[in-house]
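The primary structure of each chain is shown beneath.
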Amino acid sequence: MIPSLPLQNKTVMIPRGKAHAKSFSELVAKVGGIPVEIPLIAFQPVAATEELHEMMNSLHTYDWIIFTSNVTVETFYSLMNALVPFPKVAVIGDKTRQVLENMGVKVDFTPGHYVAEDFVEEFHSHIREGSRVLIPKGNLARDYIAATLKKHGAIVDEVVIYETYLPDDSRDKLIQMLRNRRLDILTFTSPSTIDHFMEIVEAQQLQKELDQCIVACIGPVSMRKAEEWGLNVHAVPDKYTVEEMLKSIIEYLKINPHTGG
């Protein structure tokens with residue numbers, strides 16, 4: 001008898017956009033799940049301003065640049081007119097480090113845990129009074145890293161390089177899938193995906209349709225956001241990656257085999 005796969009025939013909401021959903025969907029399919037791609041977040045670069053051009057041209061004046069996500073890296077490079085010397089580079093996550101290294105950029109610092117609080121705890125010893133730090137970010141990103149590094153004496157410049165929005169197509173697809181109770185597992189990869197999801201749920205009064213869903217968050221920051229919205233979170237990994245989130249869902253299902261559809 002062939003053993004069943006851990007997510008056999010369970011539908012799993014993939015909240016990422018097309019550019020970042022493929023690998024996640026493939027992982028879900030490998031363990032028997034049915035990936036349903038509903039991008040709850042999309043990104044667009046901000047208009048190129050004089051401030052942005054000045055920042056790009058003065059990269060060499062910074063001691064560090066901090067990248068917090070793949071999107072930040074990709075957008076930053078899309079705004080660069082030419083390759084210029086980089087300062088030291090710090091990243092929050094392993095995936096972000098891999099993207100930069102694939103581009104030939106040396107990464108000088110990666111924390112043990114991939115959240116802002118742990119990043120700052122480990123990173124602040126690498127700066128001194130007056131160290132200049134640049135943080136490119138999205139319009140909805142927290143300012144925790146910048147605020148904390150300033151307390152340690154760093155001079156920090158934050159610059160918004162992309163805007164976050166909810167794709168129109170996703171709204172209609174999500175409403176239909178929830179009304180028909182066709183989603184077994186809801187995965188969330190950032191607080192913004194949760195905000196966009198719950199804004200739709202509350203506007204359409206679909207809270208009851210979530211009762212049978214398993215909710216998984218990629219890390220504690222997203223989990224806190226989900227709980228603020230009143231969601232019961234069933235799975236959160238110790239290491240904050242999509243792969244580990246999927247493993248945490250499988251572990252939850254081993255203990256609770258009759259949930260999630």
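Peer 1: Hey, could you run me through the sheet that holds strand E3 (residues 42-45) in this one?
Peer 2: Strands in a sheet are paired, the pairing made by backbone hydrogen bonds, and the direction either parallel or antiparallel. On the basis of which strands lie adjacent, the open sheet formed by 5 strands has the order E3-E7-E6-E4-E5 and mixed pairing. Whereas interior strands pair on both sides, the edge strands pair on one side only; in this sheet they are E3 and strand E5 (88-91). If you compare each strand with its neighbour and ignore which way they point, the axes differ by 30 degrees on average. Looking at chain direction, E3 and strand E7 (residues 155-165) are connected through 4 bridges and run antiparallel. Note that in E7 the partner of Ala42 across the bridge is Tyr165.

Peer 1: How do you make sense of the packing of helix H3 (residues 70-79) against helix H4 (residues 94-102) when you look at a structure like this?
Peer 2: Helix-helix packing is characterised by the crossing angle of the two axes and by the distance between the axes. Interhelical geometry of H3 versus H4 gives an angle of 30 degrees and a closest axis separation of 8 Å. What the angle tells us is that H3 and H4 run roughly parallel. Judged by residue contacts, Asn70, Val73 and Tyr77 of H3 engage Lys95, Thr96, Val99 and Leu100 from H4. Class assignment for the residues of the contact of H3 with H4 results in 4 nonpolar, 2 polar and 1 charged.

Peer 1: Help me understand H4, please; the structure alone is not making it clear to me.
Peer 2: Since the α-helix turns once every 3.6 residues, residues separated by three or four places project in the same direction. Along H4, the positions that sit buried rather than exposed are Asp94, Thr96, Val99 and Leu100. The inward-facing, buried residues of H4 contact strand E4 (64-67), H3 and E5. At the C-terminal side of H4, Gly104 shows a positive phi close to 90 degrees.

Peer 1: Explanation requested: the nonpolar core in the structure shown.
Peer 2: Nonpolar side chains in soluble globular proteins tend to end up buried together. Residues Met13, Leu174, Leu183, Leu186, Phe188 and Phe197 are the most contacted members of the largest nonpolar core, which totals 25 residues. Those elements that provide at least two residues to this core are helix H7 (168-179), strand E8 (185-188), helix H8 (191-203) and strand E9 (214-217). Looking at this core element by element, the count peaks at 5 residues for H8. Not counting residues up to four positions away in its chain, the partners in contact with Leu186 are Met13, Phe197, Leu210, Cys213, Ile214, Val215 and Ala216. In terms of nonpolar packing, the next biggest core, distinct from the first, is built from 23 residues, Val46, Met80, Leu100 and Tyr162 among them.

Peer 1: Explain the sheet that holds E8 to me, please; I cannot follow it from the model alone.
Peer 2: Reading across the sheet, the 4 strands line up as E2-E1-E8-E9 and stay open at both edges, with parallel pairing between neighbours. Of all strands in the sheet, those with a lone pairing partner are strand E2 (34-37) and E9, marking the two edges. Taking the axes of each pair of neighbouring strands and ignoring which way they run, one obtains an average angle of 25 degrees across the sheet. Relative to E8, strand E1 (residues 11-14) is paired through 2 bridges, and the arrangement is parallel. Looking at the pairing, Val12 lines up with Ile185 of E8. In this fold helix H1 (residues 18-30) packs onto E1, E2 and E8, with an angle of close to 155 degrees to the strand it touches most, E2.

Peer 1: Whenever I open this one, the pairing of E4 confuses me. Can you help?
Peer 2: Every regular strand shows the same layout, with side chains that alternate between the two sheet faces. With burial as the criterion, each face of E4 is covered, one bearing Trp64 and Ile66 and the other bearing Ile65 and Phe67. Inspection of the sheet shows E4 paired to E5 by 4 bridges, in the parallel sense. Among the inter-strand pairings, Phe67 is bridged to a residue of E5, identified as Val91. With 2 bridges connecting them, E4 and strand E6 (residues 132-138) associate as parallel partners. Within the sheet, the bridge partner assigned to Trp64 lies in E6 and is Val133.

Peer 1: Please explain the side chain of Thr189 as it appears in this structure.
Peer 2: Secondary-structure assignment places Thr189 in the loop between E8 and H8. By relative accessible area, Thr189 is classed as buried at 15%. Excluding its chain neighbours within four sequence positions, the residues that come into contact with Thr189 are Pro15, Arg16, Phe24, Ile218, Ser222, Val242 and Met245.

Peer 1: For this particular structure, what's the right way to read the packing of H8 against helix H9 (residues 220-228)?
Peer 2: As a packed pair, H8 and H9 sit with axes 8 Å apart at the nearest point and diverge in direction by 20 degrees. One element, H8, and the other, H9, form an angle in the roughly parallel class. Considering how the two elements wind past one another, H8 and H9 form a crossing that is right-handed. Contacts between H8 and H9 involve Pro191, Ile194 and Asp195 from the former and Val221, Ser222, Lys225 and Ala226 from the latter. A class-by-class count of the residues in the contact of H8 with H9 yields 4 nonpolar, 1 polar and 2 charged.

About the thresholds
Residues numbered from 1 in each chain as written. Predicted model: local features only at pLDDT ≥ 70, side-chain atom pairs only at ≥ 80, totals over all residues. Heavy atoms only, no water. Pairing = 2+ DSSP bridges. Helix = DSSP H or I, 4+ residues; strand = E, 2+ residues; numbered from the N terminus. Axes fitted to C-alpha atoms, helices over the stretch in contact; angles between N-to-C directions. Parallel < 35°, antiparallel > 145°, perpendicular 65-115°, else oblique. Contact = heavy atoms within 4.5 Å. Nonpolar A, V, L, I, M, F, W, Y, C, P; charged D, E, K, R; others polar. Buried < 20%, exposed > 50% of the residue type's maximum accessible area, 1.4 Å probe, protein only. Core = buried A, V, L, I, M, F, W, Y, C linked by side-chain atoms within 4.5 Å. Left-handed = near helix turned anticlockwise from the far one by under 90°.

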